[in-house]
Amino acid sequence: MPYSDDDYDYSDDQFDEDNLNDDEYDLLYELLPNLRAIAEDENYNVNDNFLKEYIWESNFNLDDAFQILAENHKHTISTKPELPKLENKFLSQIILPDQQKTSKNQSHISSTSKHILISTIFSSFPIAKRRKLNIDINIPSNLAVKIKKNFEKQKEPVQEVKQKDEINTVTEKISKINITKPKFKIDIQDEINKKISKPLLSVIVIGHVDSGKSTTIGRLLYDLKIVDSRTLHKLTKQAEELGKGSFSLAWIMDQTAEERKRGVTIDIVQTQIETEKFKFNIIDSPGHKDYLPQMINGITQADVAIIIIDATSDLILNMAGSTFEQLRIAKNLGIENLLIVVNKMDLINWDHDRFTLINDTINDYLFNNLNYSSNNIKSIPISGFKGENIVKNYSNDWYNGPSLLNILESINSSFNHHSNFTDPFAMSITDIQSNDSGSLLSKKADSLIIHGRIQSGIIQPGESIKIWPSLETAQIDSVITTSSKINSSNIDRINEKIGISGDFVELKLKKIETPDQISIGDIVTKIDSKELVQISDNINCEITLFELDRPLMEGTPLVLFRGVISYEARIGSIIWVETNLDGTLKKKKRKHVASNQRCKVTIVTDKSLPLLDIPKLNRIVLRKEGVIVGAGIIKL
């Protein structure tokens, strides 16, 4: 996007002359007058700071520097360079593809064709000589090569000449992008150590509708004084006006009009909190089966899960409701640590026997059906509405254990946060917004912000990224994280010098060519990661199936969920099905797959997916006719 000098930030994120060595410094000032002269000849009025940066970005290549200039600036005066006059003997020797169908004696060539041919023939001339001849070079390199070969070897078969817009392929687009340097000079390991000294744990709260998920999170925030009394009083008044006075705490998380009217969470809501030693990202998810895809999206961004169970309901005891399906999805999407929270204990007078019965029922399912380890399961009784055992410890004649906050800090402390920060950077986009508002608006090249959790590696302001599958490119202007500290209702926005694996970040992008190509669900990598990502609509997956009405066969239509995005899909082929005969697991070729079987299948999707070997980004869920039928992982 063309811009003026006033729009440019001359900070050290682009080019720092002081960082050049002696050879680079001398070469810069040797090339600067040449680039300035070329720019003036072409009617570009460009500040020297731009020219220096373009020379630096092009690795001191004058042709490439001028190309960068032309892509980013407008002519001061609109002019059309005249074509050089060449003798007819040159033109008469050139064979055009569209001339093959005309008379051999026909010598007419359009002015446009002359321009293309002249430009490509002279594309190999030194730039100074081209300027002297007033030759305008505006033809992609591979087309130039093809026409030049036609000119030099007239006896060979003429190759098809493609139009400029047809040959601007993905490969060409990537080859023109320069890898930019980080904005800040930092000690990377030192910055990583600072971040991991207060580890971040992402926690999703799941459970059946009306179990009290939003109320429990709202109470946690209120008791930590992240939500002040004035805000809660206002929410209580609004809830009472609608006859929903008991929903005031839930409304801290349920903020849309529809959620408040219906009394259910519809989409995931995230909040970041920071205690003295730890950081948490709390994700409130829908419990209603109609919003299961949103819950799936939340699970893919979580490290551990809190399962909220209503102590007054018999659904768990009857093995009914959505809780068991949610747990099975969580397990198959990689959640290995669970905290069972039995809520509404105040309504049953903190009945110990009832708590034990519910706890034993859910643990039996987790251990026997989902193969959870007992070391990764914790249980706690609470009253979310009254705030009993949320932040402050609650004790009675049978319970004198830790509070919800105590257990969360304990899990964070023992959780394996280890990441190899030398791994390639990767992130999935969960939201897109303009810079001027907090909602999804029209995408502007100078104000686009993408949200997501970094799943691998590190990223720094100033670095260039690639977005898959469109292969759109951009430069990171800033990396921002948010956090709410206890005893403060302010949300801190931190401009980070580095984002690391596990961080939830906002990435402000600039230098975007076509922002409309960027979509929620896209994968973000660094610009030099060509070998990291594959793009395919035919993927191999290892799946664990749930309860099925009938077996799945080749050709069965499905909906595939990966993160926030769903794809229309079908089973392309069944590679193997795991069977248990005589106590021995075997993988057999089958024509169909039945309930509770594990299998490897090929799934064909309606759109191509960007694929990379990072487990969190490869977790998928399969749905058929509105019912979740399986979950698993993409295998590369």
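Rules used throughout
- Residues numbered from 1 in each chain as written.
- Predicted model: local features only at pLDDT ≥ 70, side-chain atom pairs only at ≥ 80, totals over all residues.
- Heavy atoms only, no water.
- UniProt positions renumbered as here; feature names shortened; annotations may be inferred.
- Salt bridge = Lys/Arg side-chain N within 4 Å of Asp/Glu carboxyl O.
- Helix = DSSP H or I, 4+ residues; strand = E, 2+ residues; numbered from the N terminus.
- Buried < 20%, exposed > 50% of the residue type's maximum accessible area, 1.4 Å probe, protein only.
- Phe/Tyr/Trp six-rings, centres within 6.5 Å; stacked < 30°, edge-to-face > 60°.
- Lys NZ or Arg CZ within 6 Å of the ring centre and 35° of its normal.

- The name given to the chain in an unreviewed UniProt entry is Tr-type G domain-containing protein, and the organism recorded there is Pichia inconspicua.
- Turning to the chain, the UniProt annotation filed under Catalytic activity (unreviewed entry) states: "GTP + H2O = GDP + phosphate + H(+)".
- Check the Subcellular location (unreviewed entry) section of the UniProt entry for the chain; it says "Cytoplasm".

### Some remarks on the pattern of salt bridges
- Under the criterion given, the structure shown has 22 salt bridges.
- Lys-194 is the salt-bridge partner of Asp-190, the closest N and O atoms lying 3.7 Å from each other. Residue Asp-190 and its partner Lys-194 are both found in helix α10 (residues 188-196); the two are separated by four residues, about one turn of the helix.
- A relative accessible area of 35% means that Asp-190 is categorised as partly exposed.
- Here Asp-310 and Lys-344 are joined by a salt bridge, their closest N and O atoms 3.4 Å apart. In this pair, Asp-310 is assigned in strand β4 (residues 304-310) and Lys-344 in the loop between β5 (338-343) and α16 (352-368), connecting sequence segments 34 residues apart.
- Each of Lys-183, Asp-477, Lys-508 and Lys-510 takes part in one network of salt bridges that share partners.

### Digging into helix α11 (residues 213-223)
- Counting buried positions over the eleven residues of α11 gives nine, a clear majority of the element.
- Among all positions of α11, only Lys-213, Ser-214, Thr-215, Thr-216, Ile-217, Gly-218, Arg-219, Leu-220 and Leu-221 are buried.
- Positive backbone phi, at 65°, marks Lys-225, one or two positions downstream of α11.

### Some thoughts on the environment of Lys-635
- Relative to the helices and strands, Lys-635 resides in strand β24 (residues 627-635).
- Along the chain, Lys-635 and Arg-619 lie 16 residues apart, while their C-alpha atoms are 9.7 Å from each other.

### Re the packing of aromatic side chains
- With the rule as written, the count across this model stands at eight aromatic pairs.
- Between Phe-50 and Tyr-54, the aromatic rings sit 5.9 Å apart at their centres with planes inclined by 40°, giving tilted as the arrangement. Of this pair, Phe-50 and Tyr-54 both sit in helix α2 (residues 48-57), separated by four residues, roughly a single helical turn. You'll find Phe-50 and Tyr-54 in the same group, each marked buried.
- Members of the aromatic cluster, each reached through a chain of ring pairs, are Trp-350, Phe-355, Tyr-394, Trp-398 and Tyr-399.
- Stacked on the ring of Tyr-372, the Lys or Arg Lys-331 has its end atom at 4.5 Å from the ring centre.
- Against the face of Trp-576 rests Lys-587, its NZ or CZ located 4.4 Å from the ring centre.

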